[in-house]
Each structure stands twice: as structure tokens, then as C-alpha cells.
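These are the residues of each chain, in order.
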Amino acid sequence: MTEATRVLVLNAGSSSVKYQLIDMLDGTRPAAGLVERIGEGSGRLKHTAPDGAVRETMQPYPDHAAALKAVAAELAADGLGLDSPELAAIGHRVVHGGKRFTAPTLVTDEVLTEIRRLVPVAPLHNPANITGIEVARALRPDLPQVAVFDTAFHTTIPEHAARYAIDPAIADEHRVRRYGFHGTSHQYVARATARLLGKDPAELNVIVLHLGNGASASAVAGGVCVDTSMGLTPLEGLVMGTRSGDIDPGVIFHLNRVGGLSIDEIDDLLNRRSGLLGLCGDNDMREILRRAEEGDAAAELAFRAYVHRLRKYLGGYYAVLGRVDAIAFTAGVGENAAPVRAAATVGLEELGIAVDPELNSVRSAEARVISPAYSRVTVAVVPTDEELEIAQQAYALVGAG
Ligand code: AMP
């Protein structure tokens, strides 16, 4: 009998579906791909086959069902179809699991209903995730489908850190609290940092800085998340590619009452036209570094504002944890932008934090330490792998792992 050792990881966004097929025995990824512009006139499917060949199809994908069927057909063409006996489960990234979903969960009708009930707190994300699950279930009703939640790792955050200081009755009625996001990445990176240091995650306090286009920080004590920078929505916290991060809530009243902007306009401003993009017109850190190098004042200000906020969280989480063993930089900016890592940590020797400029400038896809031996706190670059984390959690849940 063929052993079921593979997990298909699906990440369904509002107009895209990303997928990876991962073999849990050897960690290989026989296939991966992306469908973009679902629901638009011109869609695109990019599929990487087991031999590394890339097949690109340009055609409209009217909805997620059409997109997932096309993905299933691409996989089948490589002999990796959804009916393959090697497939143990499908792992779905689900953005919002509320308070209820603290761990990966086998999808049932009741679980789907609960994920649907969370749509009001994640209107941009959960609907697409739900569609992805529904379509995958329809294609392979007998196969275990596992939901892995972006919020789950943060459900251990103590009440005093998760609550906003507002009337609890109003907060509870509307499910207003700090949930945090990027949890799968924070969890993966915290554990990978322990592995890099040859330590048990239970004995390590880590500050994880997930700096992608969206960005968040978390404080992880002995493998357990105790605080994170995103809140009810992914808008809170660090300066991001297009999101403002922390802002005086009074700014919103002011822009509405005095500035005459509608709530939807302010939502759009803070989520899509702020952060690095809002400050300097670019949200790609590569471009900002290049412009700042040339003396562009707006790019320089954007860089400084980004780093300043990062340092505030670094210091804040240092105090939250009391003892910090490691700081891990991850995601697009964290893994690649040496100047950001240098600026975020400079002058913190009193806190036991130092970065070696030479180690920091090494370019590599591997997890690596960038602090000198004398640094009390280990500073590391730890590439994230949310797909692998989702696959591992799904595989372990279905009892195959
Ligand atoms: P992510 O959301 O994790 O895919 O990160 C995407 C972001 O990473 C991009 O918007 C860039 O700002 C940043 N990034 C990617 N590569 C580099 C690089 N070599 N140097 C600086 N920033 C980078």
C-alpha cells in the first residue's frame, strides 16, 4: 500500500490562491504554484512541476472554484492529482480563528460555521479562506482538511495584554480584542531559532520580528507567545509596506470630523496608502534603501520612521520578557535588508545586543547568527516557512506525523 506522506498547502486570498505540495518524509516540494487575478478578466496560473519546469497559463478564472479546479488539473498532469493515495491531507491557511481556535483543526461543517461567524472581524480574509476550504472539500470529500489559523499561536497572550482598555462589555459584544496575525510564521521562526541555537524552545525567550510587506513583532517566552504587535486587525503595530501601524485613534475622528473623510476612505488610507508607501511613495524596502542612499529625504524619513517603531517594539518586548535570549529577523525585509537589521539594533550594547557588520552583510537563504560571540543576546536571521509549518501541523493532526 502507498503511504500517505504528502500535504497540499492552500493559501486562498481574496483574488489569489497559492499552493505547495510538500512531502513530509523528506521535506521535498514536488509541486507549487500560484493563481492570480481570480475574478478578473485576465487570470494567470503559474505552476512549478516536479522537474522544476514552470508552466504558465493565461486565462480568466471567474471564481475560486475554477482556480482550484485548474490547480487540481495541473497537479494531475504531473501524476500528483488530488486522488493520489500519497495525499494525507490538505492544509488551509485561515487568517482569523478568533479566541476559539487555539490549534490546527480538522474541518467539519461545525468548524466551517464557526470560521464563517468570524467574518465580521476578518472581512478581507476569512471569506476567501472559507471558499478555498469549501472547494477543496467538494473536490475530495473523503480527504482530511485541516485549518491552520494565523491567530492560533497568539491565543496564549495573557488577558492583560490581549484586552484593549475599553469597556469589556462593549469589547466582548463586538469581539474586540488583540488577536495578532502572522502566528504561523512567528511559531515556525521561534522554533527554528531554538534549533539554530541548539536549545530547547522551552528554555528560550525570543523576540521575533516578521518584517514583510505586512510586519509584526512578537514576544515568545519558552515557546509560548506572550505579546504581539498586531491587534483586532493587522493594522496595529509596526510601520508596514502600506499600513500605518500604531496611530492615535483620535486621528481617525479628526480626519472624519474635521477632514471630511468617510470611514471607508480612512480605512483605505491607513491600510493601503500609508506606512512606507504613504511616507515616501514606495513600499519596497529595496527601492527605499536605494533612494535613501542617493540622499532622497522622503525615503530617508520613511526608513527612519520604520526603524524607530521597530526599536520601540524591541525595547518594549525586552521589558515584557525580562530576559531575552534571541532576536530573530524574518520575512522579506527581515531576511534581506541588512541596513534595517543594523539600524534596529545599533547602540543597544547596554541591553546585551550587538550585531557583527560582516556577519550581517552575508547573503544566504539559511538561518544564521549575525551577532558576535560576546553579544549576550543572539541576533539571528531565520527565514520563515509558513507553508512547511502548516503542512507539519496538518500532518501531525491527521495522525500521519
Ligand atoms: P514578504 O511580504 O515577506 O514577501 O516581503 C516582501 C517585502 O520584502 C518587499 O516589499 C520588500 O520590501 C522586501 N524585500 C524583499 N527583498 C528585499 C531585499 N533584497 N532587500 C530589501 N528588502 C527586500
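Along each chain, residue indices are assigned from 1 in the same order as the chain's sequence is written. Under the rules for a predicted model, residues below a pLDDT of 70 receive no local features and side-chain atom pairs below 80 are neither given nor counted, while totals for whole chains, interfaces and linings still include all residues. Here the side-chain values reflect all heavy atoms present in the structure, with hydrogen atoms and water set aside.

Student: I'm lost on the site of the ligand in this one. Help?
Tutor: For the ligand, the full set of nearby residues is G212, N213, N283, D284, M285, R286, A331, G332, V333, N336, A337 and R363. Throughout this description, a polar contact denotes any pair of N or O atoms lying within 3.5 Å of each other; where both atoms belong to protein, one of them has to be capable of donating a hydrogen while the other can accept it, and for residues adjacent in sequence the pair is counted only when both atoms sit in side chains. For the ligand, an oxygen atom lies 2.7 Å from a polar atom in the backbone of M285. Residue V333 places a main-chain N or O atom 3.4 Å away from an oxygen atom belonging to the ligand. Compared with its free state, where it exposes 500 Å², the ligand has 70% of that area covered by protein. What counts as a helix is a DSSP run of H or I of at least four residues, what counts as a strand is a run of E of at least two, and both are numbered from the N terminus. Listed by contribution, the elements that provide at least two residues to the shell around the ligand are α10 (285-293) and α12 (331-336). Among the elements that take part in the shell around the ligand, α12 stands out by supplying four residues, more than any other. Gly is placed with the polar residues, together with every amino acid not listed as nonpolar (Ala, Val, Leu, Ile, Met, Phe, Trp, Tyr, Cys and Pro) or charged (Asp, Glu, Lys and Arg). Each residue belonging to the shell around the ligand can be placed in one class, and the counts come to four nonpolar, five polar and three charged. Whether a residue is near a molecule or strand depends on its heavy atoms: if one lies within 4 Å, it is near. For every accessible area listed, the method is Shrake-Rupley and the probe measures 1.4 Å; residues are considered covered only by the protein chains on display.

Student: Just to check I follow, could you spell out the environment of T108 for this structure?
Tutor: Position of T108 among the secondary structure elements: in the loop between β7 (105-106) and α2 (109-117). Here's how the labels work: a residue is buried when its accessible area is under 20% of the maximum for its type, exposed when over 50%, partly exposed in between, all with a 1.4 Å probe on protein chains only. Accessibility expressed as a relative area gives 34% for T108, which makes it partly exposed. Residues T108 and Q145, 37 residues apart in the sequence, show an inter-C-alpha distance of 8.5 Å.

Student: Sorry if this is basic, but what is going on with the pattern of salt bridges here?
Tutor: Here the idea is simple: oppositely charged side chains can pair when their charged atoms come close. By salt bridge we mean one thing: a side-chain nitrogen of Lys or Arg within 4 Å of a carboxyl oxygen of Asp or Glu. Here the structure, examined in full by the defined rule, presents 28 salt bridges. Here R44 and E36 are joined by a salt bridge, their closest N and O atoms 2.8 Å apart. For R291, the salt bridge goes to D282, with nearest N and O atoms at 2.8 Å.

Student: Looking at this model, I keep getting lost on the environment of Y306. Mind explaining?
Tutor: If you trace the backbone, Y306 turns up in helix α11 (residues 297-321). According to the relative accessible area criterion, Y306 is buried, its value standing at 3%. Distance from Y306 to A32, taken between C-alpha atoms, is 33 Å for residues 274 residues apart in sequence. The criterion used for residue contact is that any of the two residues' heavy atoms lie within 4.5 Å. Setting aside its immediate chain neighbours within four residues, Y306 contacts L211, V239, L276, M285, V333 and V340.

Student: Is there a simple way to think about the sheet that holds β7 in this case?
Tutor: Sheet strands line up and pair through hydrogen bonds in the backbone, either parallel or antiparallel. Criterion used throughout: strands pair if DSSP finds at least two bridges between them. With respect to topology, eight strands assemble into an open sheet ordered β5-β4-β3-β2-β1-β6-β8-β7, the strand pairing being mixed. The sheet is open, and its two edges are formed by β5 (54-58) and β7, each paired on a single side. Note: strand β1 (residues 6-12) against strand β2 (residues 17-23), seven bridges, orientation antiparallel. In the strand pairing of β2, A12 is matched with V17. Packing against the sheet, helix α3 (residues 126-139) makes contact with β1, β6 (87-94) and β8 (145-149), and its axis sits at approximately 165° to β6. To get an axis, fit a line to the C-alpha atoms, keeping to the stretch in contact for a helix; angles then go from 0 to 180 degrees between the N-to-C directions.

Student: In this structure, what is going on with α11? I would like to understand it.
Tutor: The periodicity of an α-helix, 3.6 residues per turn, causes residues three or four places apart in sequence to face the same way. With 25 residues, α11 should cover 36 Å at 1.5 Å per step; its first-to-last C-alpha distance of 36 Å lies within 8% of that length. Listing the buried residues of α11 in full gives A299, A302, F303, Y306, V307, R309, L310, Y313, L314, Y317, Y318 and L321. G322 sits one or two residues past α11 and shows a positive phi near 80°. Helix span, as expected, comes to 1.5 Å for every residue beyond the first.

Student: So what exactly am I meant to see when it comes to helix α1 (residues 64-77) here?
Tutor: Helix length check: α1, at 14 residues, gives a terminal C-alpha distance of 20 Å against a target of 20 Å (1.5 Å per residue), a fit within 8%. By the burial criterion, the buried members of α1 are H64, A67, L68, A70, V71, A72, E74 and L75. Against the buried residues of α1 lie β1, β2, β3 (31-36), β4 (44-48), β5 and α3. Immediately beyond the C-terminal end of α1, within one or two residues, lies G79, with a positive phi of roughly 75°.

Student: Just to check I follow, could you spell out the sheet that holds strand β13 (residues 368-369) for this structure?
Tutor: As summarised here, the arrangement of the six strands in space is β11-β10-β9-β12-β14-β13, forming an open sheet in which the pairing is mixed. The sheet terminates laterally at β11 (224-228) and β13, the two strands that pair on one side only. In this sheet, strand β12 (residues 326-330) lies alongside strand β9 (residues 205-211) in parallel orientation, the contact comprising five bridges. Across the sheet, H210 pairs through a bridge with T330, a residue of β12. Along the sheet face, helix α13 (residues 338-345) touches β9, β12, β13 and β14 (378-381) and points at about 150° away from the line of β12.

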